[in-house]
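# What the coordinates show
The chain contents come next:
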Amino acid sequence: MTRLLDVENLTLQFDTDEGRITAVDNVSFSLEAGEVMGLVGESGSGKSVTAKSVMKLNPSNAIYSDNTNITLHLDSGPVDIMSLKTSTDLQVVRGGAISMIFQEPMASFAPAISIGSQMVEQLQIHTDMNAKRAQEVSIEMLDRVGISDASSRFKQFAFELSGGMRQRAMIAMALSTKPKLLIADEPTTALDVTIQAQVIDLMKDLVDDFGMGIVFITHDLGVIAQTADKVAVMYLGRLVEQGTVRDVIRNPAHPYTKGLIAALPQLDDLDTPLTPIPGDIPSPLERPSGCVFNTRCSANLGERCSSAIPEFLKVTDDHQVACHLYDEGASK
Amino acid sequence: MSDDVLIEARDLSVHYPLRGGGLFGPKPVVRAVESVNLDIGKGNFFGLVGESGSGKTTLGKALLRAAPITRGSVQYDDGDAQYALTNLMGKDLKDYRKRAQLIFQDPYAALSPRMTVRDIIAEPLEVMGLTSSREETDERVREIAAKCRLNLEHLRRFPHAFSGGQRQRISIARALVSKPQFVVADESVAALDVSIQADVLNLLQEIQQEMGLTFLFISHDLSVVAHICDHVAVMYLGRLVETAPTRELFSAPKHPYTKALLSAIPSLDPDDRGKAQKLEGEIPSPTNQPSGCKFHTRCPYVTDLCRKEEPILQHSSDGHEVACHRWEELMD
Ligand SMILES: Nc1ncnc2c1ncn2[C@@H]1O[C@H](COP(=O)(O)OP(=O)(O)OP(=O)(O)O)[C@@H](O)[C@H]1O
Ligand SMILES: Nc1ncnc2c1ncn2[C@@H]1O[C@H](COP(=O)(O)OP(=O)(O)O)[C@@H](O)[C@H]1O
Ligand code: SF4
Ligand code: SF4
Ligand SMILES: [Mg+2]
Ligand SMILES: [Mg+2]
C-alpha cells in the first residue's frame with residue numbers, strides 16, 4: 001500500500017463573538033491510496049471542519065495549533081499542507097491533487113455560469129489542457145457519472161438540474177482533474193435512497209478506476225457499511241474510535257458508537273425500540289473536561305471519566321478506542 | 001364511509017397550473033397528485049413514502065385542505081364532526097383546522113426566532129380562539145409542553161437557544177396544543193441525527209397512543225416508517241402504487257417500485273455490498289408524464305401493456321393493494 005495522507009494532531013479553534021471554541025481536538029488519522037475512510041458523528045462533531053483542514057479551506061477566524069501536521073504524499077514528493085500560505089501554493093492541492101464534494105451541491109456551482117464552463121475552467125487551471133480538450137474531457141466525465149445526453153447538459157445551469165443530477169455533475173467536476181484524494185462531505189445525505197445507491201456505486205467504480213483515496217463524511221452508518229474500508233467516529237471534536245468497517249460496525253467498542261448504532265432504525269429488527277443517546281451534544285463553548293462524552297455516557301466511571309482524557313487503546317490490531325472502560329485494570 | 005375510517009379520499013387529484021404556459025391549447029399543469037383512493041383508519045399511524053417530487057407533501061396538504069383539490073373528494077369523520085373537504089369554506093374550514101394539524105419537522109425553518117417558546121406554542125390557541133383567558137392558555141401550554149417533555153423553564157426562552165431535538169419537540173407541542181384528531185407530520189428534512197430522530201419518533205408514538213391521534217407520517221426513510229407506522233402507502237409520480245399493513249409491505253412487497261426502494265436502503269452489514277437491485281434513472285417530470293404505468297421508464301419488468309395501459313390500485317390480499325399489471329406473475 002502507498003500512503004496518501006497523514007493527519008497528525010490536528011487541532012483547530014475558532015475565534016467567535018462568544019469566545020474561542022475548539023472545533024477539532026488532536027485528531028490523527030492516515031489514508032492509503034485507493035482506500036475509503038468513513039468519518040461519522042452527529043452534526044457539530046467537527047467532521048466538515050476536519051475535512052476542510054486537509055485543504056486548508058477553513059475561514060480566517062480558524063486557528064491551527066503549532067503541532068498540527070498534515071502531509072499529502074504525491075508522486076512528486078510530500079506536501080506539507082500547513083506550510084502552504086499563498087493561494088497559488090494552495091491551488092496545487094485545491095481542485096488539483098485534492099477535490100472536494102460539498103454537502104450542498106448548489107454551493108459548488110456558480111449560479112450564473114453553465115456547468116460546462118465551470119468544468120472547463122477548473123481543468124484549465126489544474127491541467128495543461130486546451131479549451132477544446134477540456135470540453136471533451138468534461139463531457140466524457142458527465143457521461144461517465146451517468147448523465148445522459150451529456151453534451152446538452154454541459155450547457156445547462158445548476159438550477160436546471162434535479163438534485164440527483166446536480167450531485168452527479170458535482171462528482172464529475174470533482175473527478176475530472178483526476179485527484180489523488182477526494183473529500184466527500186455528506187455527498188448523498190440530500191438524495192433519495194435510489195439515487196444515493198447510484199452515487200455510491202459510481203464512487204466505488206471510480207476508486208477502482210482511478211485508485212484515488214476518499215474521505216467519506218456522513219452520519220449514515222449504512223452508507224459507511226456499504227462504501228468504506230475503515231471508519232473513524234468523531235464526537236465533539238475528538239476521534240473516539242477507529243478501525244476497519246467490519247470491526248467498528250459489528251463490534252463497536254466505544255459507548256458513543258454503540259449508542260449511534262442502537263438509535264438506528266433497522267429493517268431486520270422491527271421489535272426492539274429505538275434507543276436515543278440521552279441528552280444533547282454540548283455546545284463547543286462548554287466542552288466537558290476529561291472524556292468529552294461523559295455528560296451522556298451511561299457507562300460513565302465517574303471521577304476518572306470527568307478528569308482524564310482517554311488515550312487511544314488497541315481493541316485488536318486494526319481497531320482502536322479512546323475510552324477508560326478499556327484502560328488496564330479498569331473494572332468493566 | 002365505514003365507522004373506523006377517519007379520512008377517505010376518492011379519486012383525489014391536485015393539479016398546479018404551470019406559469020408561462022401556452023396561450024393556445026390546453027394549459028400545461030403539474031399533476032402533483034392524481035386519482036388517489038385512500039382510507040386512513042381512526043388511530044392509524046399511517047406512513048407515506050416515495051422519492052422526492054412524488055407528491056407526498058401535496059397529498060398531505062390536500063387532506064388538510066391546504067392544497068387545492070382539483071378533482072375528487074375527501075371525507076373526514078371523527079364521530080363528533082363530519083366534513084366534506086372539497087368545498088369546505090369559511091367557518092367550517094376554520095373548524096376543520098382545529099381538528100387537523102400539520103407538524104413541520106424541519107426544526108430550523110419553522111419557528112419564529114422573535115417569539116418565546118410559550119408564545120410559539122400558544123399561538124394556535126389564540127388564533128383559533130380556543131381559550132378564554134390567559135390563565136387557560138398558559139395551562140394548556142404547560143400541559144402539552146410537559147407531554148412533549150419540554151422543560152417548563154424553557155417556555156420563557158427563544159427558540160435559537162435550543163438544539164434540533166428540542167426544536168422538534170416545540171413544533172410538535174405547537175401542532176398538538178389545539179388537541180387535533182388528525183396530524184400530518186411531514187419530515188421534509190431527512191438529515192436529522194439518528195439519536196435526535198430516535199427520540200422524536202419515540203415521543204410521537206407515545207403521544208399518539210396517549211391522545212388517540214391519527215397520524216399521516218410522510219418520510220423518505222423506509223426504515224423509520226417500518227419502525228413507527230402500522231400502515232404504509234407508497235407513492236410514485238402522484239399515484240399510490242402500493243398500500244399495506246407495515247409488516248406485510250416490508251416482508252412481502254408486491255410492486256416493483258416498492259421492491260426497488262427497499263433494496264436501495266444501505267444495509268448495515270459490510271458483507272452485503274452490491275446486493276442491491278439498482279434502480280436506473282430518476283423519477284420523471286410530473287408535467288411530462290410517461291404513458292401507461294408511470295413507472296414503466298424504470299421498471300425492469302416492463303411489457304407493451306405497461307406502456308399502453310395504466311394499472312389501477314387493486315386488492316391483492318387482506319388490506320394489501322397494488323397497482324401493477326404483473327404483480328401476480330412476479331410473486332415467485
Ligand atoms: N405550489 C406548487 N406549484 C407548482 N408545482 C408544485 C407546487 N407544489 C408542489 N409542486 C410540484 O408537485 C410535485 C409534487 O411535489 P411534493 O412537494 O408534493 O413532493 P414530495 O413527495 O413531498 O417531495 P419531497 O420528498 O422532496 O418533499 C413536484 O413536481 C413539485 O414540483
Ligand atoms: N467558521 C466557523 N466559525 C466558528 N465556528 C465554526 C465555524 N465552522 C464550524 N464551526 C463550529 O465547529 C464545530 C464543528 O462543525 P462542523 O465541522 O461543521 O461539524 P459537522 O460537519 O460534524 O456537522 C461546530 O460547533 C461548528 O459550529
Ligand atoms: S471514557 Fe468514560 S465517559 Fe467516556 S465513553 Fe468511556 S466510560 Fe463513557
Ligand atoms: S405495470 Fe409494468 S411497468 Fe408498471 S410496475 Fe408493473 S411491470 Fe413494471
Ligand atoms: Mg458537516
Ligand atoms: Mg415533501
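Our structure is the block above this text.
Just so you know, these numbers come straight off a predicted model, no measurement behind them.

Calculation rules
Residues numbered from 1 in each chain as written. Chains lettered and ligands numbered in written order. Predicted model: local features only at pLDDT ≥ 70, side-chain atom pairs only at ≥ 80, totals over all residues. Heavy atoms only, no water. Contact = heavy atoms within 4.5 Å. Buried area = accessible area lost by both parts, 1.4 Å probe. Salt bridge = Lys/Arg side-chain N within 4 Å of Asp/Glu carboxyl O. Polar contact = N/O pair within 3.5 Å; in protein donor to acceptor, adjacent residues only side chain to side chain. Helix = DSSP H or I, 4+ residues; strand = E, 2+ residues; numbered from the N terminus. Nonpolar A, V, L, I, M, F, W, Y, C, P; charged D, E, K, R; others polar. Core = buried A, V, L, I, M, F, W, Y, C linked by side-chain atoms within 4.5 Å. Buried < 20%, exposed > 50% of the residue type's maximum accessible area, 1.4 Å probe, protein only. Near = heavy atom within 4 Å. 1 Å grid on protein atoms, 1.4 Å probe; cavity = no way out; pocket = protein on both sides within 12 Å on 5 of 7 lines; lining within 4 Å. Sits in = over half its atoms within 2 Å of the grid points. Pairing = 2+ DSSP bridges. Axes fitted to C-alpha atoms, helices over the stretch in contact; angles between N-to-C directions.

## Regarding the interface of chain B and chain A
Every contact between the two is made by 41 residues of chain B and, on the other side, 47 residues of chain A. Together chain B and chain A conceal approximately 3,600 Å² of surface at their shared face, both sides included; 57% is due to carbon and sulfur atoms. When the area that chain B buries against chain A is broken down by residue, the three leading residues are His227, Leu268 and Arg273 of chain B, summing to 21%. Summed over the shared surface of chain B and chain A, the result is 4 salt bridges. Between Asp271 of chain A and Arg247 of chain B there is a salt bridge, with its nearest N and O atoms 3.0 Å apart. On inspection of chain B and its partner chain A, the count reaches 15 residue pairs in polar contact (both at pLDDT 80 or more). Those elements that provide at least two residues to the side of chain B that touches chain A are helix 6 (194–211), helix 7 (222–228), helix 8 (246–251) and helix 9 (256–264) of chain B. For the side of chain B that touches chain A, the element with the highest residue contribution is helix 6 of chain B, accounting for 7 residues. Looking at side-chain class alone, the side of chain B that touches chain A contains 16 nonpolar, 13 polar and 12 charged residues.

## Quick notes on the nonpolar core
Among the nonpolar cores identified, the biggest contains 127 residues, and Ile171 of chain A together with Ile121, Ile172, Leu204 and Phe217 of chain B are the most heavily contacted of them. Of the residues forming this core, the biggest block, 9 residues, is contributed by helix 8 (residues 193–210) of chain A. The residues contacting Ile121 of chain B, other than those within four sequence positions of it, are Val141, Ile144, Leu150, Leu155, Ile170, Ala173, Arg174 and Val177 of chain B. Grouped together as the second largest cluster of nonpolar side chains are 39 residues, Leu4, Tyr64, Leu84 and Ile183 of chain A included.

## Description of the site of ligand 4
Residues and elements named next belong to chain B. Taken together, His255, Pro256, Cys293, Phe295, His296, Cys299, Tyr301, Cys306, Pro311, Cys324, His325 and Arg326 make up the full set of residues near ligand 4. Using a 2 Å cut-off from the grid points, one finds that ligand 4 occupies the largest cavity. In the shell around ligand 4, the residues fall into 8 nonpolar, 3 polar and 1 charged.

## Some remarks on the sheet that holds strand 9 (residues 213–217) of chain A
Across a sheet, paired strands are connected by hydrogen bonds in the backbone, their directions being either parallel or antiparallel. All names here are of chain A. A sheet is described by the order of its strands in space; here 8 strands give the open sequence 7-8-9-3-10-11-13-12, paired in mixed fashion. Whereas interior strands pair on both sides, the edge strands pair on one side only; in this sheet they are strand 7 (98–101) and strand 12 (313–316). Taken over all neighbouring pairs, the strand axes of this sheet differ in orientation by 20° on average, direction set aside. Set on the sheet, helix 8 makes contact with strand 3 (36–40), strand 8 (181–185) and strand 9; between it and strand 9 the angle comes to about 155°.

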